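# Working through the structure, step by step
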2 protein chains.
Amino acid sequence: MCIIQNMRMSQGVEWALHTCLNLTYVESGQAVPTAALAKFYALPPAYLNKHLQALVRAGILSSTPGPRGGFRLARRPEAISLLDVVTAIEGSGEAFPCDQILREGPGGRPDVDYRHACVIAGAMRHAELAWRRELAGRSLADIRAEVETRYPDTPRNTRERFAALLG
Amino acid sequence: MCIIQNMRMSQGVEWALHTCLNLTYVESGQAVPTAALAKFYALPPAYLNKHLQALVRAGILSSTPGPRGGFRLARRPEAISLLDVVTAIEGSGEAFPCDQILREGPGGRPDVDYRHACVIAGAMRHAELAWRRELAGRSLADIRAEVETRYPDTPRNTRERFAALLG
DNA sequence: CTAATCTGGATGTGTATTATCCAGAATATG
DNA sequence: CATATTCTGGATAATACACATCCAGATTAG
Ligand code: SF4
Ligand code: SF4
């Protein structure tokens, strides 16, 4: 019937967002290893680690090897936007794939970069910018504040689970 | 190195947008078969036809079988938004995949629908709405007007190519 | 020194996109 | 009516990529 249900970002974004949010509850100075972060939501440890590495490369987390090592936030939650996390996992590529088919059209020139010249590509890019702007305007601290307003038990629950996992 | 570059919509969106835009230049009453639409940009005819079928189901195009049959716009260009076309090809699913991992977290309940309860999912949905709003506010007629301002030759080029392909 | 932990590359697996083909239905034309 | 044209939609194949695992090597706490 219908052939497509595309345009989804990787599930790693969800993992990364939740993990970063949880890490805001860890007392600074303490690192959490991949194994504990994975157990938090019963995620596959080796694969979650790949995403954590991406977050480190993006400067959102910092990592420490060795015993009592692991990951911690590299910046204050106020300084980490949702866009930062999404971009770290998804990359910064545009959602609208332009194959420059205009080159095959009437008057098409192989030497022109239609990604900049094309009105359609411009409109799609404009819409995508609106999306990025929304995500850039919301920080982990904002999310945490809203969570605590709606679910006051969250801080205690999160800290208790971390305590149990770090035992 | 980096493991992911996701979050792309299908290339069919580009084909559909260009094809719909081109169809605004066909004198109403005349239909264009898949073969001609495919040759316009050297696209694979059988696969393009799948996307055209999706556009018909969405009420954007209408189709006529038989000789001198083919596709034409089902509504005026002013009444077709970019979002209409994107949704017809991509589906209306959300870009942020929520696996409800909170169910595995502390205090998680299997009977709660966290897609509505979760603050993160809400923030992502909010950003996506901004994207949709932008696309919904731009019609094929708007795009066409901008194209003609910047590239005055486009109407003639397009009509000539159609004439040659239908000849 | 030893155990714990991160890093990054190699590799496997499964799903979804991309693409083709064909039988059947509908229709314009003569 | 006969025929050629064209759309419809299911079946199927090829390909790309997200998802996932594993391991050797590097780093560090104790
Ligand atoms: S016209 Fe725009 S969307 Fe189409 S191929 Fe060119 S750049 Fe891409
Ligand atoms: S907390 Fe939100 S994003 Fe995370 S699993 Fe639940 S609904 Fe999805």
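Below or above, wherever it landed, is the structure these notes cover. Only a predicted model underlies this, so the values are computations on that prediction, with no experimental measurement involved.

### A few points about the relation of the copies chain B and chain A
The operation relating chain B to chain A is a screw motion whose rotation component is 180°, with 0.0 Å of axial translation and a residual RMSD of 0.1 Å. Within this description, the copies of the chain are treated as partners about a two-fold rotation axis. When the interface residues of chain B are mapped onto chain A, 100% of them again fall at the interface, so both copies present the same face.

### Regarding the pairing of strand β1 (residues 61-64) of chain A
Look at any regular strand and the pattern is simple: side chains alternate between the two faces of the sheet. Residue and element names in this part refer to chain A. For β1 and strand β2 (residues 70-73), the ladder comprises four bridges, and the chain directions are antiparallel. Each residue of the ladder has a partner; that of T64, found in β2, is G70. Between the antiparallel neighbours β1 and β2 lie five residues, among them G66 with a positive phi of about 90°.

### As for the site of ligand 2
Close contacts around ligand 2 come from E14 and H18 of chain A together with F96, C98, Q100, I101, L102, Y114, R115, C118 and A121 of chain B, and that covers them all. Mapping the residues adjacent to ligand 2 onto the chains of the assembly identifies chains A and B. Where the shell around ligand 2 is concerned, the elements lending two or more residues are α1 (12-23) of chain A together with α5 (114-117) of chain B. Its residues assigned to classes, the shell around ligand 2 shows seven nonpolar, two polar and two charged.

### Things to note about the packing of helix α4 (residues 82-90) of chain A against helix α6 (residues 119-136) of chain A
Residue and element names in this part refer to chain A. Their axes nearest at 6 Å, the elements α4 and α6 cross at an angle of 120°. The orientation of α4 relative to α6 falls into the category oblique. Where α4 approaches α6, its residues L82, L83 and V86 are matched on the opposing element by W131, R132, L135 and A136. For the contact of α4 with α6, the residue count by class is six nonpolar, no polar and one charged.

### Some details on the protein's contact with DNA strand C
Close to DNA strand C lie 31 residues; K50 and S63 of chain A together with Q11, P44 and P67 of chain B are nearest. Backbone atoms, meaning sugar and phosphate, make up 64% of the atoms of DNA strand C lying within 4 Å of the protein. Taking K50 of chain A, its side chain carries an N or O atom lying 2.5 Å from a base oxygen of DNA strand C. Q11 of chain B has a polar side-chain atom sitting 2.9 Å from a phosphate oxygen of DNA strand C. If you list the elements that add at least two residues to the surface near DNA strand C, you get α3 (45-57), β1 and β2 of chain A together with α3 (45-57) of chain B. When residues in the surface near DNA strand C are grouped by element, the largest group, five residues, is from α3 of chain A. Split into classes, the residues belonging to the surface near DNA strand C amount to 14 nonpolar, 13 polar and four charged.

### Here's the deal with the interface of chain B and chain A
Each side of the interface is counted separately: chain B has 66 residues, and chain A has 66 residues. The contact between chain B and chain A buries some 6,100 Å² in all, and 67% of this surface belongs to carbon and sulfur atoms. On the chain B side of the interface with chain A, the three residues burying the most area are M7, I101 and V119 of chain B, jointly 12% of the side's total. Here chain B is connected to chain A by zero salt bridges. Remark: the boundary between chain B and chain A carries 16 residue pairs in polar contact (both at pLDDT 80 or more). Among the secondary structure elements, those contributing two or more residues to the side of chain B that touches chain A are α1 (12-23), α3, α4 (82-90), α5, α6 (119-136), α7 (140-150) and α8 (154-166) of chain B. With eleven residues, α6 of chain B is the single largest residue contributor to the side of chain B that touches chain A. Residues that form the side of chain B that touches chain A fall into these classes: 37 nonpolar, 15 polar and 14 charged.

Rules behind the numbers
Residues numbered from 1 in each chain as written. Chains lettered and ligands numbered in written order. Predicted model: local features only at pLDDT ≥ 70, side-chain atom pairs only at ≥ 80, totals over all residues. Heavy atoms only, no water. Least-squares fit on C-alpha atoms with pLDDT ≥ 70 in both. Contact = heavy atoms within 4.5 Å. Pairing = 2+ DSSP bridges. Helix = DSSP H or I, 4+ residues; strand = E, 2+ residues; numbered from the N terminus. Near = heavy atom within 4 Å. Nonpolar A, V, L, I, M, F, W, Y, C, P; charged D, E, K, R; others polar. Axes fitted to C-alpha atoms, helices over the stretch in contact; angles between N-to-C directions. Parallel < 35°, antiparallel > 145°, perpendicular 65-115°, else oblique. Polar contact = N/O pair within 3.5 Å; in protein donor to acceptor, adjacent residues only side chain to side chain. Buried area = accessible area lost by both parts, 1.4 Å probe. Salt bridge = Lys/Arg side-chain N within 4 Å of Asp/Glu carboxyl O.

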